[in-house]
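Structural overview for review
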Amino acid sequence: MWGERDRPSVEHISLADAARIAVVAPATANFIGKLANGIADDMLTTALMAFNKPVVICPSMNVNMYRNPILKANLERLVSCGYHVMIPESGDLACGWTGEGRMPEPEAIFHEVKRLLGPRDLDGLRLLVTAGPTEEPLDPVRFLTNRSSGKMGVAVAKRALARGAEVTLVSGPLKVPEPTGVNHIQVRTAAEMMDRVLERFHESDIVVKAAAVADFRPETFCEEKLKKEDFGTSINLVRNPDILATLGSRKWPDQILIGFAAETSDAIQKARVKLKNKNVDMLVLNDVSQPGAGFDCDTNIVRLLFRSGEDEQLAMMSKEDVADQILSRALALRRMAHH
Ligand code: PMT
């Protein structure tokens, strides 16, 4: 740790200074416990204590150790401090047990490293992203919602952050952990989402609307839980404001507005109408009837439609990769709008 007597250097500091990224794979429960609690008593933990660049942690251990609440709390602590914790794979473990705790495949770790070292081409840009469903309450315990998990919008927020943007995420209730490092504003209803988005719209360079906003809400909200006898056989609905269309009508020419469309039939025709009517620069169409696309899965299959009439079909890929594709197109559109 301290170099040779005749070659004085502080090895744990020079190691930390020389690297652009650190990967700990496999990361044991003991190591995770030390890192999360600031213990630096060997070469690895001391070098990491002095390391201010991305660190990838790959927890690998027996399934019961992995499920231990102390380990879980330590991992949460690391995530909240900005460490990148990879989720272990499930399967046969070296100890004979089966379950989660396997180290991710080296290819997956490499992919994560490449992602974290990628270009910071969104430096200086302010991104506004919406994600997740909205909830439209009927009474204190009942509401209308949809199957959006928030994965798509969160992937856009995370990738934009990694590429250097300043990110504000306005989301309905998420089924995935909230990303660290972004300005996260939680909302519940479409009306709240509209208000929060409009507050920040004028200071945003690129807006990506991946949220699945409810088109309707119950006409009345009852403060008390409705009783069986209070219900008729129908619920009256009223239309929610269309956030995307409102932004389209207010946007400056150099603000890039990207909408999504979730369709199950006549997808392209409907998406083209949305692109035009809502004055958006690009529409991301997911045909949500295909397996591996749309709501609540980790992958998506999208077609990008542009104002010029051009479109581009992308293959099935992870939502993070879809996010990268969207952001690269958004950046190109922004550069075009500036010239
Ligand atoms: O969250 P995940 O589980 O990862 O799923 C991702 C997704 C399928 C929800 C996402 O990829 C997606 O397609 N989001 C938009 C879904 C949707 O509401 O589509 P739409 O065709 O109803 O709306 C079109 C666009 O108008 C969307 O950008 C939507 O945000 C916007 N909109 C819709 C209604 C409304 N009142 N206000 C809006 O701004």
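As the structure is a prediction and not an experimental result, all values here were calculated from the model.

Calculation rules
- Residues numbered from 1 in each chain as written.
- Predicted model: local features only at pLDDT ≥ 70, side-chain atom pairs only at ≥ 80, totals over all residues.
- Heavy atoms only, no water.
- Core = buried A, V, L, I, M, F, W, Y, C linked by side-chain atoms within 4.5 Å.
- Buried < 20%, exposed > 50% of the residue type's maximum accessible area, 1.4 Å probe, protein only.
- Helix = DSSP H or I, 4+ residues; strand = E, 2+ residues; numbered from the N terminus.
- Contact = heavy atoms within 4.5 Å.
- Near = heavy atom within 4 Å.
- Polar contact = N/O pair within 3.5 Å; in protein donor to acceptor, adjacent residues only side chain to side chain.
- Areas by Shrake-Rupley, 256 points an atom, 1.4 Å probe, with all protein chains shown as cover.
- 1 Å grid on protein atoms, 1.4 Å probe; cavity = no way out; pocket = protein on both sides within 12 Å on 5 of 7 lines; lining within 4 Å.
- Sits in = over half its atoms within 2 Å of the grid points.
- Nonpolar A, V, L, I, M, F, W, Y, C, P; charged D, E, K, R; others polar.
- Points joined across faces, edges and corners; volume = space filled by probe spheres on them.
- Domains from an automatic or database assignment.
- Salt bridge = Lys/Arg side-chain N within 4 Å of Asp/Glu carboxyl O.

Grouped burial of nonpolar side chains is what soluble globular proteins tend to show. With 36 residues, the main nonpolar core has Leu127 and Ile326 as its most contacted residues. For this core, the secondary-structure elements that each account for two or more residues are β8 (126-131), α7 (151-162), β11 (166-171), β13 (206-209), β16 (256-263), β17 (282-287), β19 (302-306) and α11 (319-338). Here this core gets seven residues from one element, more than from any other, and that element is α11. Once you skip the residues sitting within four places of it in the chain, Leu127 turns out to touch Ala160, Ala165, Glu166, Val167, Thr168, Ile206, Val208 and Leu327. If you look at the next biggest cluster of nonpolar residues, it comprises 22 residues, including Val170, Met194, Val197 and Ala267.

In this section: the site of the ligand. The ligand sits among 27 residues. The nearest are Ser148, Ser149, Lys274, Asn286 and Asp296. One of the backbone nitrogen or oxygen atoms of Lys209 is found 2.8 Å away from an oxygen atom of the ligand. One nitrogen or oxygen atom from the side chain of Lys274 is found 2.5 Å from an oxygen atom belonging to the ligand. Starting from 760 Å² of accessible surface for the ligand in isolation, the protein chains cover 96%. Here the ligand is seated within the second largest pocket. Elements with a contribution of two residues or more to the shell around the ligand: α7, α9 (243-250) and β16. Residue composition of the shell around the ligand, by class: 12 nonpolar, seven polar and eight charged.

Our next topic: the layout of surface pockets. Considered as a void within the structure, the largest pocket measures approximately 1800 Å³ in volume. In terms of lining residues, the largest pocket is bounded by 42 residues, among which His84, Val85, Glu112, Lys158 and Glu320 are the most central. Breaking the lining of the largest pocket down by element, the ones donating at least two residues are α5 (69-80), β5 (84-85), α6 (106-116), α7 and α11. The biggest single contributor to the lining of the largest pocket is α7, with seven residues. Residue classes in the lining of the largest pocket are distributed as 19 nonpolar, eight polar and 15 charged. Among the domains, domain 1 (11-116) and domain 2 (126-338) are the pair contributing at least three residues each to the lining of the largest pocket. Along its surface, the second largest pocket is lined by 33 residues, and Ala211, Ala212, Val213, Phe260 and Ala262 are the ones closest to its centre. Among the elements of the structure, α7, α9, β16 and β17 are those that each provide at least two residues to the lining of the second largest pocket.

Below, the discussion takes up the pattern of salt bridges. If you walk through the whole model with that rule in mind, you get 26 salt bridges. Residues Arg163 and Asp324 are paired through a salt bridge, measuring 2.9 Å at the closest nitrogen-oxygen approach. With Arg163 in the loop between α7 and β11 and Asp324 in helix α11, the pair connects residues that are 161 residues apart, well separated along the chain. Taking the relative accessible area as the measure of exposure, Asp324 reaches 16% and is therefore buried.

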